[in-house]
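Architecture at a glance
One letter stands for each residue in the lines below.
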Amino acid sequence: MKVLLINGSPHGAGCTYTALEEVARALHEDGVETELIQIGTGAVHGCIGCGHCKSAGCCVFTDDQVNEAAAKLREADGLVVGSPVYYASPNGSILAFLDRLFMSGGGFRLKPAAAIASARRAGTTATVDAINKYFSLSGMPIVSSNYFHVIHGNTPEEAKQDEEGMQTMRTIGHNMAWLLKCIEAGRGAGVAEPVAEGKIKTNFIR
């Protein structure tokens, strides 16, 4: 089993990474592999609703990691997306990334997913809610914890001092591992997956 982690922060070893690392640590303890993609500081093109992906199966823009992430997510069993808070919402790069990933990707249905947010103080719950919508609209079970999926701190050192936030991250990892194993056990026992009725709809207007 493998979970793909996407770090939406431009800082490769910042607070968002610190939170994702704690989730990964819990997954590893439960025997689940992880791989992390960090979107970095390069420009991420927004979706232009061109429809290329519907016929080609991939995004028309190939100068960033979106198509690579889509291929990795199809092979993975679960997903965790982390974002810093910019103006009480996810940062623009991760939103552009996820717009194109979920528009052009496909094949993500029934893969458990979780969203996490890091902030100095506020805007975290709105950030998590925005990311969760990608999962719920794609038929992906959302993994819960025992509190809001957030961590607070202005530096990685401060984030690590948020004991409740770090514990929440660990619980996400353990709950994700448990759900993945339940899904695997169900499939092994012959439990059929529910049939998807209709196609995923979007609000992208050309």
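Data block above holds the structure.
Here goes a summary of the coordinates provided. (Residues numbered from 1 in each chain as written. Predicted model: local features only at pLDDT ≥ 70, side-chain atom pairs only at ≥ 80, totals over all residues. Heavy atoms only, no water.)

A few words on helix 5 (residues 124-136). The end-to-end C-alpha distance of helix 5 is 18 Å, a good match for the 18 Å that 13 residues give at a rise of 1.5 Å each. Along helix 5, the residues classified as buried are Thr124, Thr127, Val128, Ile131, Asn132, Tyr134 and Phe135. The buried residues of helix 5 occupy an angular sector of 145 degrees when the element is viewed end-on, so they sit on one face. Those residues of helix 5 that are buried lie in contact with strand 3 (78-86), strand 4 (89-90), helix 4 (92-104), strand 5 (113-119) and strand 6 (150-152). (Helix = DSSP H or I, 4+ residues; strand = E, 2+ residues; numbered from the N terminus. Expected span 1.5 Å × (residues − 1). Buried < 20%, exposed > 50% of the residue type's maximum accessible area, 1.4 Å probe, protein only. Arc of directions from axis to C-beta. Contact = heavy atoms within 4.5 Å.)

One broad trend across soluble globular proteins is that nonpolar side chains are buried collectively. One finds Ile6, Leu79, Phe97, Leu101, Phe102 and Phe135 to be the most contacted residues of the largest nonpolar core, which totals 30 residues. At the level of elements, strand 1 (2-7), helix 3 (66-75), strand 3, helix 4, strand 5 and helix 5 are the ones that each hand at least two residues to this core. For this core, the element with the most residues is helix 4, which contributes six residues. In contact with phenylalanine 102, not counting residues within four places along its chain, are Leu79, Phe108, Tyr134, Phe135, Ser138 and Met140. Listed in part, the 21 residues of the second largest apolar core include Ala19, Val23, Ile151 and Met166. (Core = buried A, V, L, I, M, F, W, Y, C linked by side-chain atoms within 4.5 Å.)

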